[in-house]
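Each chain, written out:
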Amino acid sequence: MSPSTFRIGDHIIPHDDPRLETLLASVHGTKQRPLCLCRDPGVEMYVARINGRHVIKRMPNTGTDHAPTCESYEPSAELSGLAPLLGSAIQENIQDGVTTLRFDFALSKGRGRPTGTSSPRRESDSVRTNGNKLTLRGSLHYLWEQAGFHRWSPAMAGKRSWHVIHKFLLQAAEDKAVKGVPLADVLYVPEPFSRERMEDIAQRRMARLSQISMGESHAQRLLLLIGEVKEIARSRCGHKLVVKHLPDFPITMDDGLHNRLRKRFAGEFALWDAVDNAHLVVIGTFGVDPTGVASLDAAALMVVNENWLPFEHLYEQALIDRLTQSGRSFLKGLRYSLSDDQPLASVVLLDTQPLPIALYIVPPEAAEDYDAALDSLIAESRLEAWVWRAGGEAMPEIPPAD
């Protein structure tokens, strides 16, 4: 991605210029819009104040107005599972820069029901398409995208680690809210583990998690966890989730939740087992009982490759590997709340001219109506399409970079 340059009043200034903060502060709260100069005469942006600093943000629904090489470019939301959520589950306010999210899962529960006892309407059972609210998987996809981990360019090779994932996921949460509460107050992303700092890390974790028990007397607060799975193993009374970077803090789960998780995300477990360098990312809600024991209440899973790019099956992994090995720049499409039998753009190439190219994979088990839905999606898009009917043919030649 090309670093952005902006016009603010009479000033033309790159994104890394130390004077940028002062210039943004001077126009914050005014009607003056900074311009991103990725295209001529410029694309309007807006200024938000987040945690005491001024940041420049893309105007809602303007991702396609930016040049494909610009960090602010996004393809049409219809190519992924994002479109049904905009304006309902995801509401961006350009006046204060805060994006309000609506979840279809609870962040509190009655104290009469033990943590880890799952009702039939859990994310681990199914992923429902609901344009009004974000599922757990949809929330993970949204934060992954907001953190920029759906993007890839050759310059990113070797630069992603849990330290980077942790940092940018927390930054992505800074300007988000749910039910009037800052998302950062309920999101827990384990900090990178170090044996030398083990005691300090444990103390910070205890202080962070102690906030859970400070809710109303009739309800227990839950936190939203995003972490990398190390293992899910049997415990004395059920099962436990062991998260990397939390080796001394297992999270228990009852047998019912464990069984549903294994059934609903059987494909993710199979990919994680089959691909040596894959990571398994978990998002889930959990509470802490008076003894300090944490219990998982609901969960969803996502498989990512060694570069932390999500993939849904081995065909998609093969495509992403070929693109990264050949030095291509692209965006990875994310499903959000779309059901698995609905088409979406697997990848959007950013290094082609005059427009990006959307790459689609038709899985071998696709139903008869899949082709009709894919044809409709391609016809409605401005982007040229590349289609691979996986399982029935070899991967077609990928359009070259310009």
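Nothing here was measured: the structure is a model prediction, and the numbers come from that model.

Student: I'd love a proper account of the pattern of salt bridges, names of residues and values included.
Tutor: Tallied over the full model, the rule gives 14 salt bridges. Of the charged contacts in the structure, one is a salt bridge between Lys57 and Asp175, with a shortest N-O distance of 2.5 Å. Taken together, the residues span a long stretch of sequence, with Lys57 in strand 5 (residues 53–58) and Asp175 in the loop between helix 3 (162–173) and strand 10 (176–178) at a distance of 118 residues. Like Asp175, Lys57 is buried. For Arg389, the salt bridge is made with Asp371, and the minimal N-O distance between the two is 2.9 Å. With a gap of 18 residues between them, Arg389 in strand 22 (residues 384–389) and Asp371 in helix 9 (residues 370–380) connect regions that are remote in the sequence. Linked through salt bridges whose partners overlap, the residues forming this network are Lys57, Asp175 and Lys176.

Student: An account of unusual backbone geometry is needed here, citing residue identities and associated values.
Tutor: Looking along the chain, the bond that leaves Asp40 and enters Pro41 is cis, with omega of 10°. Residue placement: Pro41 occurs in the loop between strand 3 (35–36) and strand 4 (43–50). Pro354 follows Gln353 through a cis peptide bond whose omega is 0°. Here Pro354 lies in the loop between strand 20 (347–349) and strand 21 (357–362). Phi is positive for Lys179, which is not a glycine, with a value near 50°.

Student: Please provide a residue-by-residue account of the packing of helix 2 (residues 136–146) against helix 3, values included.
Tutor: It is at 8 Å that the axes of helix 2 and helix 3 come closest, and there the two elements cross at 105°. Taken together, helix 2 and helix 3 sit at an angle that is classed as roughly perpendicular. Taken together, the residues of helix 3 that come into contact with helix 2 (itself represented by Leu143, Trp144 and Gln146) are Ile165, Leu169 and Ala172. In the contact of helix 2 with helix 3, the residues fall into five nonpolar, one polar and no charged.

Student: Could you give an account of the nonpolar core, naming the residues involved and the relevant values?
Tutor: Residues Trp144, Leu241 and Phe286 are the most contacted members of the largest nonpolar core, which totals 84 residues. A per-element tally of this core places strand 18 (residues 294–304) first, with nine residues.

Student: Tell me about helix 6 (residues 255–264), and name the residues and values.
Tutor: For an α-helix, 3.6 residues make a turn, and residues three or four places apart therefore share a direction. All of the buried residues along helix 6 are Leu257, His258, Leu261 and Arg264. Down the axis of helix 6, the smallest arc covering the buried residues is 140°, so these residues share one side. Of the surrounding elements, those touching the buried residues of helix 6 are helix 2, strand 14 (223–235), strand 15 (238–243), strand 16 (251–253), helix 7 (266–274) and strand 18. Two or three places before Gly256, at the start of helix 6, stands the capping residue Asp254, its side-chain oxygen 3.2 Å from that residue's backbone nitrogen.

Student: Before we move on, can you summarise helix 9 with the specific residues and values?
Tutor: Those residues of helix 9 that sit buried are Tyr370, Leu374 and Leu377. Around the axis of helix 9, the buried residues are gathered within 60° of arc, so they sit on the same side. Turned more than 90 degrees away from the buried face of helix 9, the exposed residues are Ala372, Ala379 and Glu380. Where the residues of helix 9 are buried, they touch strand 21 and strand 22.

Student: Tell me about the packing of helix 6 against helix 7, and name the residues and values.
Tutor: In a pair of packed helices, the angle between the axes and the distance between the axes together describe the arrangement. Direction vectors running N to C along helix 6 and helix 7 enclose 75°, while the axes themselves pass 4 Å from each other. Considering their axes alone, helix 6 and helix 7 lie roughly perpendicular with respect to each other. Counting all contacts with helix 6, which are made through Leu261, Arg262, Lys263 and Arg264, the residues of helix 7 involved are Ala266, Glu268 and Phe269. Looking at side-chain class alone, the contact of helix 6 with helix 7 contains three nonpolar, no polar and four charged residues.

Rules behind the numbers
- Position numbers for residues count from 1 along each chain, tracking the sequence in the order it is written.
- Where totals are concerned, whole chains, interfaces and linings use all residues; where local detail is concerned, this predicted model gives features only for residues with pLDDT of at least 70, and gives and counts side-chain atom pairs only at 80 or more.
- Only hydrogens and water are set aside; all other atoms, that is, all heavy atoms of the structure, feed into the side-chain values.
- Salt bridge, as used here: a side-chain nitrogen of Lys or Arg that lies within 4 Å of a carboxyl oxygen of Asp or Glu.
- Here a strand is any run of E in DSSP of at least two residues, a helix any run of H or I of at least four, and the numbering for each starts at the N terminus.
- Classification of residues uses two cut-offs on accessible area relative to the type maximum, computed with a 1.4 Å probe and protein chains only: under 20% is buried, over 50% is exposed, and between them is partly exposed.
- To obtain an axis, a line is fitted to C-alpha atoms, over the contacting stretch when the element is a helix, and the angle between two such axes runs from 0 to 180 degrees between their N-to-C directions.
- Under this scheme an angle from 65 to 115 degrees is roughly perpendicular, one under 35 degrees roughly parallel, and one over 145 degrees roughly antiparallel; angles in between are oblique.
- Two residues form a contact once any of their heavy atoms are found within 4.5 Å.
- Lys, Arg, Asp and Glu make up the charged group, whereas Ala, Val, Leu, Ile, Met, Phe, Trp, Tyr, Cys and Pro make up the nonpolar group; the residues left over, Gly among them, are polar.
- In this text, buried Ala, Val, Leu, Ile, Met, Phe, Trp, Tyr and Cys residues form a nonpolar core when linked through side-chain atoms within 4.5 Å.
- Throughout, the arc means the angular range of directions from the helix axis out to the C-beta atoms.
- For this analysis, a polar contact is any N or O atom pair within 3.5 Å, provided that within protein one partner can donate a hydrogen and the other can accept it, and provided that sequence-adjacent residues contribute only side-chain to side-chain pairs.

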